[in-house]
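# Examining the three-dimensional arrangement
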Amino acid sequence: MADRESGIGARVLRKEDKRFLVGRGRYMDDINRPRQVYAVFVRSQVAHGTLKGLDSGAALETDGVIAVLTGEDVAADGLGSLPCGWTIHSKDGAEMKTPAHPALAIGKVRYVGEPVAVVIGETLEAARDGAELVELDIDELPPVTDVVAALEQGAPGIHDDVPGNECYHWGLGDEEAVDKAIDAAHHVTRLELRNNRLAPNAMETRAAIGEYDPVDGMYTLHVNSQNPHLHRLVLAAFVELAPEHKLRVISPDVGGGFGSKIFIYSEETVCAWAARRVGRPVKWTATRSEAFLADAHGRDHASTAELALDKEGNFLALRVRTKANMGAYLSTFAAAVPTWLYGTLLAGQYKTPAVHVEVRAVFTNTSPVDAYRGAGRPEAAFLLERIVEKAAREIGMDPAELRRRNLIPKDAFPYQTPVALVYDTGDYEASLDKALDMADYAGFAARRAESEARGMKRGIGLSCYIEACGLAPSQLAGELGAGIGLFESAEIRVNATGGVKVFTGTQSTGQGHETTFAQLVADRLGLDMDEVEIVHGDTDRVQYGLGTYGSRSLSVGGSAIHMATEKIVEKARKIAAHMMETTADDVDFTQGLFTAKGTNKSMHFKEVAFSAYVPHNYPLDELEPGLHESAYYDPENFTYPAGTHICEVEVDPETGVVDILAFTAVDDFGRIINPTIVEGQVHGGVAQGIGQAMLEHCIYDDESGQLVTGSYMDYAMPRADDLPDFTLAFTETPCTHNPLGAKGCGEAGAIGSTPALINAITSAIGHENIAMPATPLAVWRAMRGAE
Amino acid sequence: MDIPARLPDPRKREKKMYRFEYHKATSLEDAASKRSTADDATYLAGGMTLIPTLKQRLASHSDLIDLAGIDGLAGISVDGAVVTIGAMTCHAEVAASAALRDAIPALADLAGLIADPAVRNRGTIGGSLANSDPAADYPAAVLGLGATIVTDKREIAADDYFLDLFETALEEGEIITAIKFPVPKRAAYEKFPNPASRYAIVGVFVAETEGGVRVAVTGAGPCAFRVSDMEAALAGNFAPDAVAGITVSADDLNQDLHASAAYRASLVTTMAKRAVAKAAG
Ligand SMILES: Cc1cc2nc3c(=O)[nH]c(=O)nc-3n(C[C@H](O)[C@H](O)[C@H](O)COP(=O)(O)OP(=O)(O)OC[C@H]3O[C@@H](n4cnc5c(N)ncnc54)[C@H](O)[C@@H]3O)c2cc1C
């Protein structure tokens, strides 16, 4: 419990909410620059074709149209391809295929929605009018959108330099051991499944304003980014727009990201570049239709799995074969998602001695696929928790008992899994027990009988998920193919007369960083929440950073803030020692007060801060004036949040409608700074996981390659009335290797919930073959076999 | 560098539609004459269907003629056995009307199931019926109650009104002014919403009226239709069991990614059964 109202562990209300709730947030739509012009992208309407020509004549004659720029113009200015920041090597040692990804298409179009040209107008209408008049001359080619079909013999080839559309064929684990164990096993459970493709659907669509100042050659890019420094790095080093010191990236309040705003896309690249071409600030805001077509999508796997068990139900081996859809081009982190963020999680919470996974990454005529809340880990948890559930049903063992039997025991940590990771700590059984208790698992049979009496089918489903987050140890990431480091930076400036500014390289997209981080610092320095201001989202103000994704903001960014705060305390302690005429070792610091041990002398932190800036009585021979520190924190390991989710549903056999009656989540996020914020993250994550399980699906038409679910008329997002009340609780095994003991909570809800819900539905209908999303139609069909 | 003199005003909301002329009609005659003299005009009611299509540039019109300024087109009146709802009455008003809730609660319930509060406060019954979306809710009630569509030219019986996909008996330029609903003995509506759009995948309106039992289905076919087998069965026995075994043929039903024709056919039976139970209960 918190010892202060705003201390660590306290339910502090979110500082940022006032401005969000009264409409005073500052999002991209609130930002407009003097003399700004508007960009509208001309996008390919066909999924696959040879781009023979482009006629911009009529567009250029449109009133108010300033310019029409194409891929050739981009290339002529020497801009490079949009890179993939992670390199994967295939089983045979070959480097993955990285076809060119031009900001505007050159020579070929490869998915519906691919940007081909940009029309810049004095007004948005002028640009739109102009864009409608740009004529693309495209020779259509047959498309392939399905991940399995794209690998088949004779499938249309998407990139000339990628034979068979295969980007890489990666493997991890001991194949021989797995083969042997499966061949000899008492029982083998087999499962074939798809992980459905999702559109990220942040509430605020992507947007950008590029600016160029010809006087000092400085570019400024406003973009709703999850990682402004990464935008700067990629645009400088890879795209070669401008050197880093000539490029400032500003990310204001960001209305949701879920991964989709990590990536460096064509549109912001073009806005920044075009600003120089036209000599005016260039603004682009995605329409919702564009968001569906051109945001990087998530998931889209086709997998088979086999789980070998002995007579007692001990897991012996797991074999997984996955085909992962990359879309038409490799997005910024695409290659890492179905490999190091997926294959490494297939041991789950279990002591399965042998796991082997192979992943074939595949190009298709669809929007690029990249990290989406959970990124790889939901796919792993879904596959594993589905096959474990199925195995329990096949061998007739209670699914909770089968899991319990196979859990890594709490005294086995640190635990080396057969798929590369070392879990630092955990107590999986504690979460399982607590969840079973809270969900009244024991009383399920009676509740099922009651439902049956009403003609309804009741089911219960578990998932014991684990994930690896807190991305990431830089050296390990480098060994695994990352092109960047993954530390985090923080800077703390204590003012002379009051207040502290904390600069962090992470970026809130709504998670409440301004509160959580302020709580950390205020708690340590003995200040009020209001005396601590968090600054993020500007490469000219924040010294460095790698941004927010992979639930890293607290465990990595917060740890950097913690380190900087400790440096502040240590310097202040020395100043206080000098002023109290003692040594630093003899000065205690609690609740904002420095006290000289064994005396009645004390000084408040604020007095010390004042002295640092008005150093009249100050150890100038030992210390520089000022109270300002920075820190870089590079984690030793990933963090491993884990927990048990239990879902109970009732299915209406007449309609296939699934009613979620109860949802219990017991999560271990290590130490929790603000339970209200953490619960909010779990709520949101679970809602997204339920969305994936029951509602959401990006569907491309096989023949035309058109996105069928390109609006909310057909793409179903979870709404409040689709969701039950959530029953949440936490267990706590503090992370052993970061100073906060924190593990990260942003993605867990979306990882654990999906399999729990599908397991509940399959339990209710007594039928394993249900595709996601389990819409009423899908459930109805599954209950009837084929129609 | 060439710096244009004219600066866009960033505070101005960005317009996205094609250009059109906006007129506010003062009377039915004024509306009709404005429409007939314009190039390619259309009426504007709540705008909940029309404006999104304009914004997405899926449609363009030279002129929009707003019906909102015409007196007497909005409001609900109950006169003994007939409820009259003005064409410009919004869904929220229909849902909240105490007089209607007394007379035909099923109709008020139906209006409350349309879309969301924002749409219900703009969208109108006249707009919904003029548009005749195959998945709209009102058509089920209009056909299920055997209502009469009143226009500026004539009265059209519900049975003659819905012709095909987005096709009604309205002539070019004809304006719906009101809908007259006979008060039934009992009635109920059951809607199976599309998980994404929340329009009706299938909606069944069942009513026992002076003229007999009527069962009308929306969402399932190209436009609302009646199920005579169910009507006959219910005439003998107004109970869920009476329709439980009656299915409509899937042959002519709609198919999309949310519902196959067979699934829709099955939902027609299920929703009919539930509507009867509700009406009887
Ligand atoms: C998000 C959303 C969800 C929705 N969900 C549902 C739902 O669940 N169920 C449902 O039934 N509907 C739904 N709708 C449609 C909604 O009910 C619309 O309001 C309705 O279909 C059209 O009514 P309107 O007054 O907005 O008409 P408008 O959009 O103004 O007009 C529609 C058409 O009708 C013509 N028109 C309008 N009034 C008249 C008149 N009096 N005489 C002749 N022609 C006329 C117009 O010229 C135009 O062509 C939804 C709409 C939205 C935006």
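Residues numbered from 1 in each chain as written. Chains lettered and ligands numbered in written order. Predicted model: local features only at pLDDT ≥ 70, side-chain atom pairs only at ≥ 80, totals over all residues. Heavy atoms only, no water.

## Some words on the pattern of salt bridges
Note on pairing: side chains with opposite charge can pair once their charged atoms come close. All names here are of chain A. Operational definition: Salt-bridge detection follows one rule: a side-chain nitrogen of Lys or Arg within 4 Å of a carboxyl oxygen of Asp or Glu. Put simply, DSSP marks the helices as runs of H or I at least four residues long and the strands as runs of E at least two long, and each gets a number from the N terminus on. Accessible area is worked out with a 1.4 Å probe on protein chains only. A residue is then buried under 20% of its type maximum, exposed over 50%, and partly exposed in between.
The final tally for this structure, using the stated rule, is 76 salt bridges over all chains. Ionic pairing is found between Glu 385 and Arg 403, a salt bridge with its closest N-O pair at 2.7 Å. Residue Glu 385 is located in helix H9 (residues 377-395), and its partner Arg 403 is located in helix H10 (residues 399-406); the two are separated by 18 residues in the primary sequence. The same class applies to Glu 385 as to Arg 403, namely buried.

## Observations regarding the domain arrangement of chain A
Residues and elements named next belong to chain A. As a reminder, the rule being used: Domain delimitation follows an automatic or database domain assignment. The contact criterion used throughout is that any non-hydrogen atoms of two residues lie within 4.5 Å. Accessible surface is computed with a 1.4 Å probe, and the buried area is the amount of it that two parts give up when combined, taken over both parts together. Under this definition, polar contacts are N or O atom pairs within 3.5 Å; protein pairs additionally need one hydrogen-donor-capable and one acceptor-capable atom, and for neighbouring residues in sequence, both atoms have to be side-chain atoms. Residues are grouped as follows: nonpolar covers Ala, Val, Leu, Ile, Met, Phe, Trp, Tyr, Cys and Pro; charged covers Asp, Glu, Lys and Arg; every other residue, Gly included, is treated as polar.
According to the domain assignment, chain A contains domain 1 (17-24 + 487-633), domain 2 (31-141 + 203-256 + 261-294) and domain 3 (301-472 + 637-784). Between the C-alpha centres of domain 1 and domain 3 there is a distance of 39 Å. With 18 residues of domain 1 at the interface, the matching set in domain 3 holds 21 residues. Each partner contributes to the roughly 1400 Å² buried at the junction of domain 1 and domain 3, and carbon and sulfur atoms together form 61% of this total. Where domain 1 meets domain 3, there are 0 salt bridges. Counting across the domain 1 and domain 3 interface gives 7 residue pairs in polar contact (both at pLDDT 80 or more). Of all the secondary structure elements, the ones that give two or more residues to the side of domain 1 that touches domain 3 are helix H14 (513-525) and helix H15 (553-579). Broken down by element, the side of domain 1 that touches domain 3 gets its largest block of residues, 6 residues, from H15. Residue composition of the side of domain 1 that touches domain 3, grouped by class: 6 nonpolar, 11 polar and 1 charged.

## Focus: the sheet that holds strand E9 (residues 207-213) of chain A
Residue and element names in this part refer to chain A. The condition is simple: Here, a strand pair is defined by DSSP locating no fewer than two bridges between the strands. Axis lines are fitted through C-alpha atoms, for helices just across the contact stretch, and the angle between N-to-C directions can take any value from 0 to 180 degrees.
Read from one edge of the open sheet, 7 strands run E3-E5-E1-E12-E9-E10-E11, paired in mixed fashion. Where the open sheet ends on each side, the last strands, each with one partner, are strand E3 (65-70) and strand E11 (247-250). Here the average twist between neighbouring strands, direction ignored, is 20°. Of the pairings in the sheet, the one linking strand E1 (residues 37-43) to strand E12 (residues 282-285) comprises 2 bridges and is parallel in character. Looking across to E12, one finds that Tyr 38 is bridged to Lys 283.

## Focus on the packing of H15(A) against helix H16 (residues 605-613) of chain A
Residues and elements named next belong to chain A. Cut-off, in case you're wondering: By the definition adopted for this analysis, an angle is roughly parallel if under 35 degrees, roughly antiparallel if over 145, roughly perpendicular if from 65 to 115, and oblique otherwise.
Running from N to C, H15 and H16 point in directions that differ by 85°, and their axes come no closer than 9 Å. Comparing the axis directions of H15 and H16 gives the class roughly perpendicular. Facing H15, whose interface residues are Ile 568, Ala 572, Ile 575, Ala 576 and Met 579, H16 presents Phe 605, Val 608, Ser 611 and Ala 612. Across the contact of H15 with H16, the residue classes break down as 8 nonpolar, 1 polar and no charged.

## Quick notes on helix H8 (residues 138-145) of chain B
Residue and element names in this part refer to chain B. Burial analysis of H8 places 8 of its 8 residues in the buried class, which makes it a mostly covered element. Taken as a whole, H8 has its buried residues at Tyr 138, Pro 139, Ala 140, Ala 141, Val 142, Leu 143, Gly 144 and Leu 145. Count one or two residues on from H8 and you reach Gly 146, which has phi positive near 65°.

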